[in-house]
Amino acid sequence: MRDFSNDCANLALNTATLGHMLEGRGAGWSPEQVIDACAERGFGGLVLWRREVGGRAFEIGERVRAAGMQVAGLCRSPFLVGPLAFNSVSETVEDFNAAVDTAAELGAATLTVVAGGVVAGSHSMSESLKAVTEILASVAPYAERNGVKLGLEPLHPVYGGDRSCLVTVRDALAICRNAGSKNIGIAIDVYHVWWDLALEEQLSTLGDVRILGYHLCDWLAHTKDTLLDRGMMGDGVSDLRKIRRVVEDAGYDGLCEVEIFSEDDWWLRDPEDVLDTIVQRFKTVC
Ligand code: ZN
């Protein structure tokens, strides 16, 4: 297992951690302010959101690299299926390709992909997963041609209905194989897998599927909101060290991305303090 106690070269910030995910949340820092603050602290990379990148993807990507960091990823694809998805598959594909274009301009290694919830009227996780697989198979070649890997992220089962019919690593691996593209890998997020005692067993069946991202935060014992009350590493009940060991044993050696959506706590704090806390926790409890 890698030793993170001395530096932050393997640490990445998902900018939503500073409240960028929703309009009017957080301190409202520009991408440039975030880049400078992370570079000063020795972060290895950043993960940005489409809404903050806008039409400036190339410029922002260059700025990140000039500051000595990587653009580890872009959030995110549209929901592919379910109640939060576009009305038609053609709109979904169009938006997906636009996300790929932005990721390519940004020089982002990976585009995070969210599956979306259960297809209306299907009453079926498996039918919904099949629909996800079909859409992914159709968009993967375009992403591959543009040099953007697709990081399929299984979400916690609490989101099964609306945000993600994909709730286990097992099913994510099946989609990667069935979609028939080596350009699709998986992303592991502590928030979504911390409860799963079968994580190690599932990751032992990776085969040639790659882990493209590892996301850090914590699950608070008394969480007040399953979307916007994520905990800082060390404040919750997840076995962070064990999860990282399992992920690294499965071959992951990339950046660890801190991704904390916390509207009543961390988004209300001074971003400088949030970043200092992340650095300290990364070195001591992750
Ligand atoms: Zn995540």
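One structure accompanies this document, and this report is about it.

Criteria and thresholds
Residues numbered from 1 in each chain as written. Predicted model: local features only at pLDDT ≥ 70, side-chain atom pairs only at ≥ 80, totals over all residues. Heavy atoms only, no water. Helix = DSSP H or I, 4+ residues; strand = E, 2+ residues; numbered from the N terminus. Contact = heavy atoms within 4.5 Å. Core = buried A, V, L, I, M, F, W, Y, C linked by side-chain atoms within 4.5 Å. Buried < 20%, exposed > 50% of the residue type's maximum accessible area, 1.4 Å probe, protein only. Donors = N, O, S within 2.8 Å, 3.2 Å for Na, K, Ca; no water. Tetrahedral: all angles 85-135°; square planar, octahedral: opposite > 155°, others 65-115°.

### Structural notes on the environment of Leu150
In step 1: Among the structural elements, Leu150 can be located in strand β5 (residues 149–152).
In step 2: As a C-alpha pair, Leu150 and Gly73 span 77 residues in sequence and 9.7 Å in three-dimensional space.
In step 3: Those residues within four positions of Leu150 in sequence are excluded, and the remaining contacts are Phe96, Thr110, Leu111, Val113, Leu136, Ala140, Ala143, Asn183, Ile184, Gly185 and Leu212.

### Considerations on the nonpolar core
In step 1: Ranked by size, the top nonpolar core spans 84 residues in total, and within it Leu136, Ile186, Leu203, Leu216 and Ile278 carry the most contacts.
In step 2: Looking at this core, the element that brings in the most residues is helix α5 (residues 125–145), giving 8 residues.
In step 3: Apart from residues lying up to four places away in sequence, Leu203 is in contact with Val169, Ile186, Ile188, Ile211, Val246, Val247 and Ala250.

### Considerations on the coordination of the zinc ion
In step 1: Within the protein, the atoms that donate to the zinc ion are Glu153 (OE), Asp189 (OD), His215 (ND1) and Glu259 (OE), at distances of 2.1 to 2.2 Å.
In step 2: Taken together, the 4 donor atoms surrounding the zinc ion define angles of 78 to 159 degrees at the centre, an arrangement classified as irregular.
In step 3: Between the donor residues of the zinc ion, the gaps in sequence give the motif E-x35-D-x25-H-x43-E. Placement of His215 in strand β7 (residues 211–216) and of Glu259 in the loop between β8 (256–258) and α10 (271–284) is noted, with a sequence separation of 44 residues between them. One exposure class covers both His215 and Glu259, and it is buried.

Coordinates in, geometry out; function isn't part of it.
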